[in-house]
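Below are the chains, spelled out letter by letter.
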Amino acid sequence: MDHMSMKIPLISLSIIILLNVLSSGQNFMNAEDLNVKDRIESWNFELSTSGGLTGKGLGGITAGSDGKATASDGRNNCQDQLLDEETKELDRLIRKSNPARWRKKYAIPGNPHGYADQILYSFKLTVKTSKGAQIFETTWYDQSAEKTPADLQAIVKQAWKTRDKAIAKCRK
């Protein structure tokens, strides 16, 4: 086999591998970046929704490691100071998570854009370390929520519980 005929299969193989990596939907980072949990100085997140019957979603919540939060029910925004135990639980879940492994999007195969009137959830986590900030973002439809990783589900469950409590306080 001459030199030129060997290059073509190698180039083809390289292109196939690259396309597989790019189409997998995974976020790839350095191994060092996967261990941010022990170096987190602060964090904040935004959980938002859109779609549904009104197109406006169900509301959402933003919160940070300082305990400050803004909750929304889709119509009203409410400022809140989280209790220490709420902030500590969110902190524990975030430090335990591995957001570098989260996909950009979780969807049902064959229906990547969701059905009419489905709720789209968007989650953005920013962690600050001594090396700077890292941002992790992901989305999913209510129908594909079970496809999200357990660590993300745990954070979202606690965040939504915190949102509901903050909104109830504001309505009093």
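Rules and cut-offs
- Residues numbered from 1 in each chain as written.
- Predicted model: local features only at pLDDT ≥ 70, side-chain atom pairs only at ≥ 80, totals over all residues.
- Heavy atoms only, no water.
- pLDDT = per-residue confidence, 0-100.
- Helix = DSSP H or I, 4+ residues; strand = E, 2+ residues; numbered from the N terminus.
- Contact = heavy atoms within 4.5 Å.
- Disulfide = S-S within 2.5 Å.
- Phe/Tyr/Trp six-rings, centres within 6.5 Å; stacked < 30°, edge-to-face > 60°.
- Lys NZ or Arg CZ within 6 Å of the ring centre and 35° of its normal.
- Core = buried A, V, L, I, M, F, W, Y, C linked by side-chain atoms within 4.5 Å.
- Buried < 20%, exposed > 50% of the residue type's maximum accessible area, 1.4 Å probe, protein only.
- Pairing = 2+ DSSP bridges.

Asker: Account for the confidence of the model for the chain, naming residues and giving values.
Answerer: Predicted confidence across the chain gives a mean pLDDT of 83, with 78% of residues reaching 70 or more. Per-residue pLDDT, averaged within each element of the chain, yields its smallest value for helix α1 (residues 3-23) (42) and its largest for strand β2 (residues 60-64) (98). In the model, residues 6-34 has pLDDT below 50 throughout and makes 22 contacts with residues more than four positions away in sequence or in other chains.

Asker: Describe the state of the cysteines, with residues and values.
Answerer: Summed over the entire model, instances satisfying the criterion amount to 1 disulfide. The side chain of Cys-78 participates in a disulfide bridge whose partner is Cys-170; the two sulfur atoms lie 1.4 Å from each other. One quick way to see it: the torsion about the S-S bond of Cys-78 and Cys-170 is about 60°, and its sign makes the bridge right-handed. Here the residue Cys-78 occupies a position in strand β4 (residues 77-81), and Cys-170 occupies one in helix α3 (residues 150-171), the gap between them amounting to 92 residues.

Asker: Provide a residue-level description of the packing of aromatic side chains, including the pertinent values.
Answerer: Scanning the entire structure with this criterion turns up 5 aromatic pairs. Here the aromatic rings of Tyr-121 and Trp-140 are separated by 5.6 Å at their centres, their planes lie at 0°, and the arrangement is stacked. Of the two residues, Tyr-121 sits in strand β6 (residues 119-129) while Trp-140 sits in strand β7 (residues 132-141), which places them 19 residues apart along the sequence. One aromatic cluster is present, formed by Trp-43, Phe-45, Trp-102 and Phe-123 through successive ring pairs. In this structure, Arg-163 is placed above the aromatic ring of Trp-160, and the distance from its NZ or CZ to the ring centre is 4.2 Å.

Asker: Run through the nonpolar core, naming residues and quoting values.
Answerer: Among the nonpolar cores identified, the biggest contains 26 residues, and Phe-45, Leu-47, Phe-123 and Leu-125 are the most heavily contacted of them. Secondary structure elements with two or more residues in this core: β1 (42-51), β2, α2 (84-96), β6, β7 and α3. Aside from chain neighbours lying at most four places away, what touches Phe-123 is Phe-45, Glu-46, Leu-47, Trp-102, Phe-136, Glu-137, Thr-138, Trp-140, Leu-152, Ile-155 and Val-156.

Asker: A description of the pairing of β1 should follow, citing residues and the corresponding values.
Answerer: As paired elements, β1 and β6 share 10 bridges and run antiparallel to each other. By the bridge assignment for β6, Glu-46 is matched with Lys-124. In this sheet, β2 lies alongside β1 in antiparallel orientation, the contact comprising 5 bridges. Residue pairing across strands places Asn-44 opposite Gly-64, the latter belonging to β2.

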